[in-house]
Amino acid sequence: MIPVRLPQGHYSKTGTVLLRRDSSREGQSLLLFMREFGPRWVSAPAATGKNRFGGSTEPLTWGEFLLYQSPSKLYLQGAEVKEDFLSLRQSPAALLCALRIYRRTSKEAPADCENDALLRMLWSSLVQLREKCPPYIVELRFTWKLLNLMGIAPSLDLCVECGGLLTEGGWLTQAGMCCRRCSQGKGEAVSAEELAELRRAVALPHEKFILWSCETRQKDCYIKNLKMLSPYFSNMR
Ligand SMILES: [Zn+2]
């Protein structure tokens, strides 16, 4: 178990830049999401008014980060970029999706503790966007998997009330996906076809998902259901 406050010393960790804050006085503060360390704020002071670290402190960058924990603060000392995902910047929709996923992660992932499963999900999502998977499917997949990791994703198979199989579609309520009988007219209807589509979008392994999602898919289904998943984050607080 990695302590919230690291013992004084030097560290080297792979990860990604989730957020960057610039201050003219103190240089940059970065929220780095690293293997074993989870998300942590790191100070990257400017040297004589210049950013010493170049593009390695841009959000969406992945690399190996060299850190120093002083008695008071965690500092960035160097970074070796492994993948900058610059190609995402050629597609506004892919870039926006990546930034939304990053913002969601910085909001929901607890700071200062290990979260390697979520870090791997983040990496996979950016690779999927780089491979030109439709952003709305990548975002739905990431959002549902993040809710699942938090233990609050609505089941796409079973009614949340009676546990029955959702064979004829479902009705999404604040509590979860209900069968026709339990929904009593409440919630947003999700047809059996939509449910089958969503199940594949969240459950297919990474490589298969890339091939499958690049075939023609119903955009509306994802946009609508993504909107319905968002309130789950605040419902459970
Ligand atoms: Zn039911």
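The model shown is predicted, which means the values in this text are computed figures rather than measured ones.

With respect to the environment of G54
Thinking step 1. Along the chain, the position of G54 falls in the loop between β3 (38-44) and β4 (62-69).
Thinking step 2. Considering only alpha carbons, one finds G54 and A79, 25 residues apart in sequence, at a separation of 9.3 Å.

Quick word on the confidence of the model for the protein
Thinking step 1. The predicted model of the protein has a mean per-residue pLDDT of 92, with 97% of residues at 70 or higher.
Thinking step 2. Helix α2 (residues 116-130) holds the highest mean pLDDT among the elements of the protein, 98, whereas helix α8 (residues 231-235) holds the lowest, 84.

As for helix α7 (residues 219-229)
Thinking step 1. Listed in full, the buried residues belonging to α7 are C221, Y222 and N225. Angularly, the buried residues of α7 cover 90° about the axis, an arc narrow enough to put them on a single face. Exposed residues pointing more than 90 degrees away from the buried face of α7 are listed as K219, D220, I223 and K227.
Thinking step 2. If you follow the buried residues of α7, they end up packed against α3 (135-150), β8 (188-190) and α5 (192-203).

Regarding the sheet that holds strand β6 (residues 170-172)
Thinking step 1. Spatially, three strands are ordered β7-β6-β8 in an open sheet, and the strand pairing comes out antiparallel. Only two strands of the sheet have a single partner each, and these edge strands are β7 (177-178) and β8.

Considering unusual backbone geometry
Thinking step 1. The residue K132 is not glycine, and still its phi comes out positive at about 70°.
Thinking step 2. Locating K132 in the fold gives a position in the loop between α2 and α3.
Thinking step 3. A residue is classified by how many C-beta atoms lie within 10 Å of it, and K132, with 13 of them, is partly exposed.

A short note on the domain arrangement of the protein
Thinking step 1. By the assigned domains, the protein splits into domain 1 (9-83) and domain 2 (133-234).
Thinking step 2. Just the C-alpha atoms count here: the centres of domain 1 and domain 2 sit 36 Å apart.

Observations regarding the pairing of β3
Thinking step 1. Burial analysis of β3 places five of its seven residues in the buried class, the great majority of the element.
Thinking step 2. Relative to β3, strand β2 (residues 27-34) runs antiparallel, the two sharing seven bridges. Counterpart to L32 in the pairing with β3 is R40.
Thinking step 3. Between β2 and β3, which pair antiparallel in sequence order, lie three residues; one of them, E36, sits at a positive phi of approximately 70°.

The rules behind the values
Residues numbered from 1 in each chain as written. Predicted model: local features only at pLDDT ≥ 70, side-chain atom pairs only at ≥ 80, totals over all residues. Helix = DSSP H or I, 4+ residues; strand = E, 2+ residues; numbered from the N terminus. pLDDT = per-residue confidence, 0-100. Buried ≥ 20, exposed ≤ 12 C-beta atoms within 10 Å, placed from the backbone. Arc of directions from axis to C-beta. Contact = placed C-beta atoms within 7 Å. Pairing = 2+ DSSP bridges. Domains from an automatic or database assignment.

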